[in-house]
Amino acid sequence: RRGPGSEASLRRRRGPARLWVAVAALVCGTIWLCSSSSVGLFGASYRVQDVDVNKLWRTADSNGWRASSAPRTYWPPPPTESESSGYLRVRCNGGLNQQRSAICNAVVAARIMNATLVLPELDTNSFWHDESGFVGIYDVPHFIKTLKYDVRIVMSIPEIIANGKTKKLKAHQIRPPRDAPVSWYATVALEQMKKYGAVYLTPFSHRLAEDIDDPELQRLRCRVNYHALRFKPNIMKTSSEIVNKLRSEGHFMSIHLRFELDMLAFAGCIDIFKTQEQKILLKYRKEHFAEKVLVPRERRIIGKCPLTPEEVLNLLIDIVTDVGLILRAMGFDNTTRIYLASGELFGGKRFMKPFKAMFPRLENHSTVGPGKLEENTQGLAGSAVDYMVCLLSDIFIPTYDGPSNFANNLMGHRLYYGFRTTITPNRKALAPIFIDRAQGRTAGYEQRIRQVMFNTHFGGPHRRIHPESFYTNSWPECFCQTNARNRADRCPPDNINDVLESQFQSEEEMEETRVTLMDPFDG
């Protein structure tokens, strides 16, 4: 039994530590998967001694499914300049991955409106203090070429001649409703486009509903996200160098730690910080977000706060003693290579010290790779490098999966990229367990964590259930089955461009036939 002062002493020791749960809980959950006596990684039952620990480093079981975003029904080519309804401009706000989903939505919106898309604008300056824009992050020629059978894309709105004078066509500005349905673009936005010749939709984050009944439009989203949006060569080169360095000594895992000032202030997660840090968070929230009453403890209980670094570390410390053999077999010891993708952690480097002590081979884009990488790893480019390294890692562990953010898109991309292993914790289910532990109630602690982690998806195909985002899971629309019984699930030819090229040629041949029939004197 503890003395009257022991619990208070325990809380004082754990107070600053409650910030490192994010990374550790997930890694530990992975470990527990292998130490369970009844539940297997991919659903099979086994005993601890029967576990093939190498499965954690492999891709998940596909069950015969593979990624495919090629059209499966007739897909007419985009309109020519004379056939276009007008020009669509959009301004994509938010971070790199919020902008990425907005770009996908912009292409789909242009297709719905039969419009010509102006290369999307990225709001880089206000968030990143970086003015590189679309052309500084993405491979523009590849983007335009990949989508040439889907939408017509131009670099800017062309000048027009009116009354003998050349002038620039001014786009009519519209603030689209959040999660606008397809019908809004086909009516309200299209009417304004035909009236003015061009429309400018801003802001353009979450401005097209994710749930669309037309599977071909959903597949177009996948073509944009996973084929057309390729980072510039310098970013791809830097990412490749880092991945090669990390993988030169075996497997590596990546962890996305979303523990920056802006996210914590937005989520209202301030109760785990010191008084002065709470003041900073509250001030930032007041200056940048709409006023709303938030109770930090309640936010944490319902899973709206990211796991903290210290919580993860505590889990690892508890597990090392009991399943050290499994830890060593899995490679989760002090030689494990971990790539940490994150912005500047709020609270300072002091929160990284315990984790760094246990995993000294903890890297990020500034510490790994040949030579100095700063030139390619600032602002949006830095986030892009993190994205690619996490995409190619053997295991990915997110700690926060808010709408259209880094982890959200990455989970979807890893699913599409071959069902790469992703370990995602249920923060809502884990939150009360961590709160109990912090308050000294540790009975059944490990078993409760195991039960939560065994219900986690590991990157294999699974049906999307609300509120899971389409960008997190594009199954089944963007997947097909090699030996499908259902005709809708059958795989089209592998090469998307071959499918679209054949349809485009068929369209041209039909047009030539129609013209010939209309003109019997045509040679």
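Residues numbered from 1 in each chain as written. Predicted model: local features only at pLDDT ≥ 70, side-chain atom pairs only at ≥ 80, totals over all residues. Heavy atoms only, no water.

1. Quick look at the side chain of Ser205
At step 1: Summarising the element assignment, Ser205 is placed in the loop between β9 (198-201) and α8 (215-228).
At step 2: In this structure, Ser205 is in contact with Asn93, Gln98 and Arg178, ignoring residues within four places of it in sequence. (Helix = DSSP H or I, 4+ residues; strand = E, 2+ residues; numbered from the N terminus. Contact = heavy atoms within 4.5 Å.)

2. Considerations on the sheet that holds strand β11 (residues 338-341)
At step 1: As summarised here, the arrangement of the four strands in space is β12-β11-β10-β13, forming an open sheet in which the pairing is parallel. Single-partner strands in this sheet number two, and they are β12 (362-363) and β13 (395-398).
At step 2: Sheet topology places strand β10 (residues 253-256) next to β13; four bridges connect them, and they run parallel. Within β13, the residue paired with Met253 across the bridge is Ile395.
At step 3: Lying on the sheet, helix α16 (residues 379-392) is in contact with β10, β11 and β13; it crosses β11 at an angle near 145 degrees. (Pairing = 2+ DSSP bridges. Axes fitted to C-alpha atoms, helices over the stretch in contact; angles between N-to-C directions.)

3. Regarding the state of the cysteines
At step 1: With the rule as written, the count across this model stands at two disulfides.
At step 2: Here Cys222 is linked by a disulfide to Cys478, with a sulfur-sulfur distance of 2.0 Å. Because the sign of the S-S torsion sets the handedness, a value of about 95 degrees for the bond joining Cys222 and Cys478 places this disulfide among the right-handed ones. With Cys222 in helix α8 and Cys478 in the loop between α19 (445-453) and β14 (479-481), this residue pair connects regions lying 256 residues apart in the sequence. With respect to burial, Cys222 and Cys478 carry one shared label: buried.
At step 3: Between the sulfur atoms of Cys480 and its disulfide partner Cys491 the distance amounts to 2.0 Å. Its S-S torsion of approximately 95 degrees makes the covalent link between Cys480 and Cys491 right-handed. Of this pair, Cys480 sits in strand β14 while Cys491 sits in the loop between β14 and α20 (496-518); the two residues are 11 residues apart in sequence, bridging distant segments of the chain.
At step 4: Classification of Cys480 as buried rests on a relative accessible area of 0%.
At step 5: Overall, Cys491 belongs to the partly exposed group, its relative accessible area being 27%. (Disulfide = S-S within 2.5 Å. Buried < 20%, exposed > 50% of the residue type's maximum accessible area, 1.4 Å probe, protein only.)

4. Observations concerning the confidence of the model for the protein chain
At step 1: Per-residue confidence for the protein chain averages 76 on the pLDDT scale, and 67% of its residues sit at or above 70.
At step 2: In the model, residues 513-523 has pLDDT below 50 throughout and makes zero contacts with residues more than four positions away in sequence or in other chains. (pLDDT = per-residue confidence, 0-100.)

5. With respect to the packing of helix α3 (residues 96-113) against helix α7 (residues 182-196)
At step 1: Running from N to C, α3 and α7 cross one another at 70 degrees; their axes reach a closest spacing of 9 Å. Relative to α7, α3 is oriented roughly perpendicular. The element α3 and its partner α7 pack so that their crossing is right-handed. Of the residues in α7, those in contact with Ala109, Ile112 and Met113 of α3 are Val182, Tyr185, Ala186, Ala189, Leu190 and Met193.
At step 2: Of the residues in the contact of α3 with α7, the class split is nine nonpolar, no polar and no charged. (Parallel < 35°, antiparallel > 145°, perpendicular 65-115°, else oblique. Left-handed = near helix turned anticlockwise from the far one by under 90°. Nonpolar A, V, L, I, M, F, W, Y, C, P; charged D, E, K, R; others polar.)

6. Looking at the packing of aromatic side chains
At step 1: For the structure on display, the rule yields 11 aromatic pairs.
At step 2: With centroids separated by 4.9 Å and ring planes inclined at 85 degrees, the aromatic side chains of Trp184 and Tyr185 adopt a geometry described as edge-to-face.
At step 3: Residue Tyr185 is classed as buried on the basis of its relative accessible area of 0%.
At step 4: Every member of this aromatic cluster is reached through a ring pair, and the members are Phe134, Tyr138, Phe143, Phe231, Tyr387 and Phe406.
At step 5: One residue, Arg89, lies across the ring of Tyr200, its end atom 3.8 Å from the ring centre.
At step 6: The ring of Trp75 carries Arg223 above its face, with NZ or CZ at 5.2 Å from the centroid. (Phe/Tyr/Trp six-rings, centres within 6.5 Å; stacked < 30°, edge-to-face > 60°. Lys NZ or Arg CZ within 6 Å of the ring centre and 35° of its normal.)

7. Notes on unusual backbone geometry
At step 1: Note the cis peptide between Thr202 and Pro203, where omega equals -5 degrees.
At step 2: Secondary-structure assignment places Pro203 in the loop between β9 and α8.
At step 3: A cis amide bond links His466 with the next residue in sequence, Pro467, at an omega value of 15 degrees.
At step 4: One non-glycine residue, Asn63, adopts positive backbone phi at about 55 degrees.

8. Details of the environment of Gln278
At step 1: Take Gln278: it is sitting in helix α11 (residues 275-288).
At step 2: Through-space distance from the C-alpha of Gln278 to that of Gly268 is 9.9 Å; in sequence the pair is 10 residues apart.

9. Observations concerning the environment of Leu229
At step 1: Along the chain, the position of Leu229 falls in the loop between α8 and α9 (233-247).
At step 2: On the basis of relative accessible area, Leu229 is assigned to the buried category, the value being 6%.
At step 3: Each C-alpha atom of the pair Leu229 and Ile144 lies 9.6 Å from the other, and the pair is 85 residues apart in sequence.
At step 4: Those residues in contact with Leu229, other than ones at most four positions away along the chain, are Arg100, Ile103, Cys104, Phe134, Tyr138, Phe143 and Val224.

10. Observations concerning the pairing of β9
At step 1: Both faces of β9 are covered, namely the face carrying Ala198 and Tyr200 and the face carrying Val199 and Leu201.
At step 2: Once you follow strand β8 (residues 172-174) into α7 and on to β9, the crossover reads as right-handed. (Right-handed = clockwise from strand over helix to strand, strands pointing away.)

11. Focus on the side chain of Asn225
At step 1: Relative to the elements of secondary structure, Asn225 occurs in helix α8.
At step 2: There is a polar contact of 2.6 Å between the side chain of Asn225 and the side chain of Arg100.
At step 3: Dropping the residues within four chain positions of it, Asn225 is found in contact with Arg100, Cys104, His413 and Tyr471. (Polar contact = N/O pair within 3.5 Å; in protein donor to acceptor, adjacent residues only side chain to side chain.)

12. A short note on the packing of α9 against α16
At step 1: At a closest axis distance of 9 Å, the pairing of α9 and α16 adopts a crossing angle of 45 degrees. Accordingly, the angle class assigned to the pair α9 and α16 is oblique. Crossing of α9 against α16: the hand is right-handed. Facing α9, whose interface residues are Ile235, Met236, Thr238, Ser239, Ile242, Val243, Leu246 and Arg247, α16 presents Ala381, Ala384, Val385, Met388, Val389 and Leu392.
At step 2: Of the residues that constitute the contact of α9 with α16, the class distribution is 11 nonpolar, two polar and one charged.

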